[in-house]
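As a plain string of letters, each chain reads:
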Amino acid sequence: MKFGLSVGFVVTKPWDKMSESRAFHEAVETVELADQLGFDSCWSVEHHFLEEYSHMSAPDMFFAYCAARTKNIRFGHGIYLMLPNINHPARVAERIATLDILSNGRVELGTGRSATWTELGGFLVEPDDTKEMWEESTRSVVKMWTSDEFSIKGRHFSMPPRNVLPKPVQEPHPPIWVAVQSPETAVLAGEKGIGMLGVTLGGIPKYADLIADYRRASREAEPIGVTVNNQVRAQGGLFCHPDSDFAQKMAGKAEEQLAGPLSSYLMTMGSTYPSPAYHAHSLGSGAAFRPPLGADQVGKLVGNPDEVAKAVEDWQKLGVDALNIGITGRWSTHEQNLESMRLFAKEVMPAFLDEPVTSEAAT
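Not measured: the values here are computed from a predicted model.

What to know about the side chain of aspartate 35
- Summarising the element assignment, aspartate 35 is placed in helix α1 (residues 19-37).
- Buried and unpaired, aspartate 35 has arginine 106 as its nearest opposite-charge partner, separated by 5.1 Å.
- Not counting residues up to four positions away in its chain, the partners in contact with aspartate 35 are Thr70, Lys71, Asn72 and Ile73.

Some details on the nonpolar core
- The biggest cluster of nonpolar side chains holds 77 residues, and the ones touching the most others in it are Phe3, Phe39, Val312 and Phe344.
- The residues contacting phenylalanine 3, other than those within four sequence positions of it, are Phe39, Asp40, Ser41, Val312, Leu323, Ile325, Phe344, Met349, Phe352 and Leu353.
- Counting residues in hydrophobic clusters, the runner-up holds 10 residues, among them Ile79, Leu81, Leu83 and Trp177.

Description of the pairing of strand β9 (residues 232-240)
- With eight of nine residues buried, β9 lies mostly within the body of the structure.
- Pairing of strand β8 (residues 195-198) with β9, which is carried by two bridges, proceeds in the parallel orientation. Note that in β9 the partner of leucine 197 across the bridge is arginine 233.
- Bridge analysis of β9 against strand β11 (residues 322-327) gives six bridges, and the strand direction is parallel. Pairing of glycine 237 across the sheet is with glycine 326, part of β11.

Describing a nonpolar patch on the surface
- Residues Ile101, Leu102 and Val169 make up a contiguous nonpolar surface patch of roughly 260 Å² in combined accessible area.
- Tracing the chain through its elements places valine 169 in the loop between β6 (158-162) and β7 (176-180).
- Its relative accessible area of 44% is what places valine 169 among the partly exposed residues.

Some thoughts on the pattern of salt bridges
- Applying the stated criterion across every chain yields a total of 16 salt bridges.
- For arginine 69, the salt bridge is made with glutamate 32, and the minimal N-O distance between the two is 2.9 Å. One end of the pair, arginine 69, is in the loop between α2 (59-67) and β3 (74-81); the other, glutamate 32, is in helix α1, and 37 residues separate them in sequence.
- Measuring nitrogen to oxygen at the nearest pair gives 3.0 Å for the salt bridge that ties glutamate 135 to lysine 192. With glutamate 135 in helix α5 (residues 130-146) and lysine 192 in the loop between α6 (183-191) and β8, the pair connects residues that are 57 residues apart, well separated along the chain.
- By relative accessible area, which is 23% here, glutamate 135 ends up partly exposed.

Re unusual backbone geometry
- Of note, the amide linkage connecting lysine 13 to proline 14 takes the cis form, showing an omega dihedral of 5°.
- Positionally, proline 14 belongs in the loop between β1 (2-7) and α1.
- Positive phi, close to 70°, is recorded for phenylalanine 49, a residue that is not glycine.
- Mapped onto the elements, phenylalanine 49 comes out in the loop between β2 (41-44) and α2.
- Here the phi dihedral of serine 114 falls at roughly 75°; this positive angle occurs in a residue that is not glycine.

Cut-offs used in this document
Residues numbered from 1 in each chain as written. Predicted model: local features only at pLDDT ≥ 70, side-chain atom pairs only at ≥ 80, totals over all residues. Heavy atoms only, no water. Helix = DSSP H or I, 4+ residues; strand = E, 2+ residues; numbered from the N terminus. Buried < 20%, exposed > 50% of the residue type's maximum accessible area, 1.4 Å probe, protein only. Lys, Arg positive; Asp, Glu negative; His and termini not counted. Salt bridge = Lys/Arg side-chain N within 4 Å of Asp/Glu carboxyl O. Contact = heavy atoms within 4.5 Å. Core = buried A, V, L, I, M, F, W, Y, C linked by side-chain atoms within 4.5 Å. Pairing = 2+ DSSP bridges. Patch = residues over 30% accessible without salt bridge, like charges linked within 9 Å, V, L, I, M, F, W, Y side chains within 5 Å. Areas by Shrake-Rupley, 256 points an atom, 1.4 Å probe, with all protein chains shown as cover.

Take a look at the structure:
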């Protein structure tokens, strides 16, 4: 099993002039430590206008800075918004290829189409068209990378013949992923030979069904890229501490911290724009959107090293190829979060890696 770092950029109120600056620079330090500890990748979101919940709107800029300060860790967009109103496909192809060159081939392109009206409405995106936009844009980016001339007269964007430059250094191109939180998207990912980037908040029970759907669909994949990427990455929050009760307490506070902003942003789709494309988010209660750290959730990566290792075993039995691990948030201090990572890398990770990592940072 592989282990990735998930960076969400929570910036909770009250703010001061340095709140965002601290969040970004602490995230860079976290990525540097993850590189030293043997995490295989760092994944970051792209969000817009979501106060407190996420202030990361330019992940490619963040990754470029981190690439210059690290050696081995890969950089995964989790996800890039593949909607022409927000990111023109040619600009996506150019920016990802540039990052791939500068990082010496360390980029993974996770794709998606947003989940909130706050973001879609801000860019005047028609929610019911986002699925078509995603597929048209993603197919186009792959063709831009793998051909010397690209043109399209599409439904959602058009451009005359051009050679989109530069080209990525990975052959045939950086791996493609798609964010999955519904059975429909799990099947779509499998059919199109795209990696499943799980972002569901339902823990192991929810993932089990999605993975089963994905694996079935993958058997007869017609890849949207040049090759098939049939991997599953799940996501969960981590707080590893010698004192299990303390770890549970910190994780519970983090859950409470995120529940409010997350609920309000997801619920607005149903109330503001009744859309069949986003029926899963049109629920009337914020309780449906609790982060995957609650004490009632199976597979939570919270507790002492033995408890966290048991949770990783549960994920492994489910058939997950990798876990993207997020830290709990602002209730715990930055140093506590780094210590949690160090303890996880020292006491838990070696048992699950094909080649156990030893490093000065872990010890």
